[in-house]
Structures are given as structure tokens and as C-alpha cells.
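Commentary on secondary and tertiary structure
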Amino acid sequence: MKDATFGSEHHRARKRFGQNFLVREDIIHRIAQAVNPRAGDALVEIGPGLGALTGPLLEGAGQLKVIEIDRDLAARLRERNDARLTVIETDVLKVDFESLKPANQKLRVVGNLPYNISTPLLLQLAHAHECLQDLHVMLQREVVDRLIATSGTRAYGRLSVMLQSVFQIEQILAVPPDAFKPAPKVQSAVARLTPNASVPDAATLKALENTTRIAFGNKRKTLRNNFKKVLSENQLRELDIDPGARAETLPLDAFHRLANAIVDLPPD
Ligand code: SAM
């Protein structure tokens, strides 16, 4: 596949890194306004790219750590020689967010995310919730729809259950393709995620990952069928779950009861 070049920046956008760079000033301004960075915030940007958001974030917080996988883009950012900016050149999926956290302060994470890794990255951030104050992320609109979907709707699935178990989630901005260069084929949206006051413990969250994988394994099958190897019909009934129901009809608390029941099962 051919990559696109554009603008005076002369950077060849790399599809494999999901590079669609924000170019619309009004959108950049509105995202920065929504994040509202304050002096001293422990701010982390995932995928700064050509720095569209980096400037406004840095202005507000006075310090910023950025995580960028693309060697050339990381080098450009280092060339700024800005002591307020820490460039971490690595794959964000390998980052231990706890290690970026200052003592006594939680991280504020911002990113126009590479859409090709959005699901594993969101799950990683869910597991890292204890070190997060909030997240502002640009995602494919469809993914934001899934994040905020309630049970009984078509968009409700694993991501909805996993992320809503950890975060309060709101869509704060719809973003059209022309806000980026190159323009993606899909609509985008920015969401704000704030950790819930009470979050399942790490073992239960892991179990919830397994539970949702099994429950949504075959969307057309009933829970009786999807859980056949794990829980009997009677066990499902004891958890007040109808074995004849389908996963997309189960509310969050039912998934939590299931996760608590299978917490000790080994992962497959
Ligand atoms: N923030 C910039 C903007 O809004 O214009 C760039 C956004 S672009 C959608 C995604 C950025 O994430 C790119 O700079 C890309 O190189 C970077 N990226 C892609 N995969 C990454 C990964 N696994 N770890 C860290 N950065 C990644």
C-alpha cells in the first residue's frame, strides 16, 4: 500500500502506524479545551505524531511525556530541544503506565490513537486504571459507540462491558474525516474516560476479560451454549442469569456475577 505525503512537513504518513494527522485548528483547539491541561498535571500523550496536540498540551501543563513508536517522528520531537518535553520512543503497548506516574500524582493520558491498536490499548489502560486520573482519546466513532453502548443495543459487546466496568465514559466531540491528513475513511470521535469510584480488583478484571470472551464468543448462541464448558445451566440460574439469553442482553452487573463465579478458572 502506498503511504501519503502532505503539507510542508514532508513526512510520509505510515499506514502501519495508523497515521492520520490532525490538521483542523478548530478541532485541535476544542480537544485541548476539553482536556484543559493545568500547570503541573502529569500529562502523557500517546502518539504525538507531528505534534498537533503536543503544543497546546505542553502550553497548559508546562511538562509532557510523549510515547511515539515512529523513529522519524520521535527524532523530530527530540530535535525541538524542549526541556519540558520527554520523548519516549517505544510501542505504547509495551509501556508500564505505573512507571510514568510521579509519586502522589495520577496520570492524565491523551491521544489521537492509532486505530489499529485501539482495542488492546484500551484494555491495557483499563488494567492500569489505578494510576490514571483521566483519559481523552480520539477513536473511530464506531469504537466510541461501542464504549458507551448499553445492554440490548447492537453496539454492546466486550469493549462496553470491560471499559464501563472501570470508567465513566462520555463522548465529547464528533470529528469528521476532513480534520485529518490523510483523511481516514471513517468518522472519529473524542471520548473522556474517568475511573469509577469503585472498580473490580485485578483478578476479577482478568476474569471479566475471560467471561466476556466466552459470552460474546459466538454472538448468535445463547449463554447456555457459549458457557457449556465452563458453567452448567443450573450454575447460570443460580447467578440469576437466564441460560437462554444472549450476551448482548446482559447488563453489567450480570457480567460481574459471572466473572466472580469464574475468577478461579485458568485462562484458555
Ligand atoms: N497526535 C497526532 C495528531 O493528532 O495529529 C498523530 C495521531 S496518529 C492517528 C497516531 C500516532 O500514533 C502516530 O504518530 C503514530 O506513529 C503513533 N503510533 C502508532 N502506533 C503506535 C504505538 N504502538 N505506540 C506508540 N505510538 C504509536
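Details of the structure are given in the entry above.
Let us look at the structure shown here. Because the structure is a prediction, the values reported are computed rather than measured.

**Structural notes on the pairing of strand S5 (residues 64–68)**
Judged by how many residues are buried, S5 sits mostly within the fold: 4 of 5 residues are covered. As paired strands, strand S4 (residues 42–46) and S5 are joined by 3 bridges and run parallel to one another. The partner of Val44 across the bridge, within S5, is Lys65. Viewed along the sheet, the connection from S4 through helix H2 (residues 54–61) into S5 turns out right-handed. Two elements, S5 and strand S6 (residues 85–89), share 5 bridges in a ladder whose sense is parallel. In the strand pairing of S6, Ile67 is matched with Ile88.

**Some details on the pairing of strand S8 (residues 132–140)**
Counting buried positions along S8 yields 7 of 9 residues, so the element is predominantly enclosed. Note: strand S7 (residues 107–112) against S8, 6 bridges, orientation parallel. Paired with Asn112 across the two strands is Met138, which belongs to S8. In this region the chain leaves S7, passes through helix H4 (residues 118–127) and returns to the parallel neighbour S8; the handedness of that crossover is right-handed. The pairing of S8 with strand S11 (residues 188–195) spans 6 bridges and is classified as antiparallel. Among the inter-strand pairings, Val137 is bridged to a residue of S11, identified as Ala191.

**Regarding helix H1 (residues 25–35)**
Those residues of H1 lying buried are Ile27, Ile28, Ile31, Ala32 and Val35. Mapping the buried residues of H1 onto a view down its axis gives an arc of 135 degrees, with all of them on the same face. Relative to its buried face, H1 has exposed residues pointing more than 90 degrees away, namely Glu25 and Gln33. Tucked into the core, H1 has its buried residues touching strand S3 (21–22), H2, S7, S8, strand S9 (167–175) and S11. Remark: Asn36 follows H1 within two positions and exhibits a positive phi of approximately 50 degrees.

Parameters at a glance
Residues numbered from 1 in each chain as written. Predicted model: local features only at pLDDT ≥ 70, side-chain atom pairs only at ≥ 80, totals over all residues. Heavy atoms only, no water. Buried < 20%, exposed > 50% of the residue type's maximum accessible area, 1.4 Å probe, protein only. Helix = DSSP H or I, 4+ residues; strand = E, 2+ residues; numbered from the N terminus. Pairing = 2+ DSSP bridges. Right-handed = clockwise from strand over helix to strand, strands pointing away. Arc of directions from axis to C-beta. Contact = heavy atoms within 4.5 Å.

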